[in-house]
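Report on the structure
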Amino acid sequence: MDVTAVTASGTPKHGFDVFRRSWEAQTAEAYPAPRFTPGRRGDFRISARAVKAHDSVIADVRSESMIGTNGGFGGGADSAGVGGAVGGADRGASPPRDDQVLMHVVLENAWRFSRRRDGELIVPAGNFMVQRTGPPTFEVARHTAASVLIVPASDLGPLIRDRLIAGPAASAEMRLLLAHVNPVQESVQDLNRPARRPPTTR
């Protein structure tokens, strides 16, 4: 599955709406990530190649320009004004998802996360960040690539709580996790490639 949205500078909300609608049109399912509120400034240019495995989503994300607030459970008063994001629910958006855990493994450049109570966390390439949906998280990703894993929070949620947790992707625990995640992505990509025609003989 490939989902791509490219918009002109100054239209971040339109760019995200195109991205979300493209995702839902290609999968025939609701957008799986928590509600996202684009920022008032900048633009939204992002592409994703994703696979759904049972109730989890694995995505390779490339962001040329993304700024906005992950509003957790449908956003809330705390999301208004965070980093210049537009508060309030989007009338055209999908309903908020259930409690989830999101993990970003940054591959290129850096992904910036910030919460009013926790401050700012800049995650450079070679590192990961894990968060649970809940408190609004302001995010900025420019010229950035990351692998994103979205899973239900039933098992991990109580351990993560409302923290932003970061660390090196080269740790033993992360290597073990990625050893299970990466083959799923690679297998799906192989299945999506058009089959080669056998050589013809005369």
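Values in this document were obtained by computation on a predicted structure and should not be read as measured data. Position numbers for residues count from 1 along each chain, tracking the sequence in the order it is written. Local features are withheld for residues below a pLDDT of 70 in this predicted model, meaning they are given only at 70 or higher, and side-chain atom pairs are given and counted only at 80 or more; totals for whole chains, interfaces and linings count all residues. Calculation of side-chain values draws on the structure's entire complement of heavy atoms; hydrogens and water are dropped beforehand.

**Considering helix 1 (residues 12–27)**
The end-to-end C-alpha distance of helix 1, which contains 16 residues, comes to 23 Å, matching closely the 22 Å that a straight helix rising 1.5 Å per residue would cover. Among all positions in helix 1, only P12, G15, F16, D17, F19, R20, S22 and W23 are buried. A28 sits one or two residues past helix 1 and shows a positive phi near 60°. Numbered from the N terminus, helices here are DSSP runs of H or I no shorter than four residues, and strands are runs of E no shorter than two. Multiplying one less than the number of residues by 1.5 Å gives the expected span of a helix. Any residue under 20% of the maximum accessible area for its type is buried, any over 50% is exposed, and the rest in between are partly exposed; the area is computed with a 1.4 Å probe on protein chains only.

**Observations regarding the nonpolar core**
One finds F19, W23, F44, V61, M66 and W111 to be the most contacted residues of the largest nonpolar core, which totals 25 residues. Elements that contribute at least two residues to this core include exactly helix 1, strand 3 (45–53), strand 4 (56–70), strand 5 (100–108), strand 6 (110–115) and strand 9 (137–152). Among buried residues, the Ala, Val, Leu, Ile, Met, Phe, Trp, Tyr and Cys ones that are joined through side-chain atoms within 4.5 Å form a nonpolar core. Among the nonpolar cores identified, the runner-up in size contains 15 residues, and V51, I58, V101 and L178 belong to it.

**Considering unusual backbone geometry**
Despite not being glycine, N109 shows a phi value in the positive range, around 60°. Within the element layout of this structure, N109 appears in the loop between strand 5 and strand 6. By relative accessible area, N109 is classed as partly exposed at 45%. Although it is not a glycine, H143 adopts a positive phi angle of roughly 50°. Following the sequence through the fold, H143 ends up in strand 9.

**Thoughts on the packing of aromatic side chains**
Centres within 6.5 Å are what make two rings of Phe, Tyr or Trp a pair, Trp counting through its six-membered ring; a difference in plane orientation under 30 degrees is then read as stacked, over 60 as edge-to-face, and the rest as tilted. As enumerated under the stated definition, the model contains 9 aromatic pairs in all. Summarising the aromatic geometry, the rings of F16 and F36 are spaced 5.3 Å apart at their centres and angled 50° between planes, so their arrangement reads as tilted. Placement of F16 in helix 1 and of F36 in strand 2 (residues 36–38) is noted, with a sequence separation of 20 residues between them. A relative accessible area of 13% means that F36 is categorised as buried. Between the aromatic rings of F19 and Y31, the centroid separation amounts to 6.1 Å while the plane-to-plane angle is 85°, which identifies the pairing as edge-to-face. On the criterion of sequence distance, the pair formed by F19 in helix 1 and Y31 in the loop between helix 1 and strand 2 is long-range, its members being 12 residues apart. Three or more aromatic residues joined by ring pairs make a cluster, and in this case those are F16, F19, W23, Y31, F36 and F44.

**Focus: the pairing of strand 5**
The buried count for strand 5 comes to 7 of 9 residues, which makes it a mostly enclosed element. When DSSP finds two or more bridges between two strands, those strands count as paired. Pairing between strand 5 and strand 8 (residues 127–132): 5 bridges, direction antiparallel. Bridge pairing in strand 8 links L102 to Q131.

**What about the confidence of the model for the chain?**
pLDDT expresses how confident the predictor is about each individual residue, on a scale running from 0 to 100. Overall, the prediction assigns the chain a mean pLDDT of 75, with 70% of residues at 70 or greater. The least confident element of the chain is strand 1 (residues 2–5), whose mean pLDDT is 60; the most confident is strand 6, at 94. Across residues 73–96 the pLDDT falls below 50, and counting only partners more than four positions away or on other chains, this stretch makes 50 contacts in the model. Throughout residues 190–195 the model reports pLDDT below 50, and contacts reaching past four residues in sequence, or to other chains, amount to 2 contacts. In this analysis, two residues are considered to be in contact whenever any of their non-hydrogen atoms come within 4.5 Å of each other.

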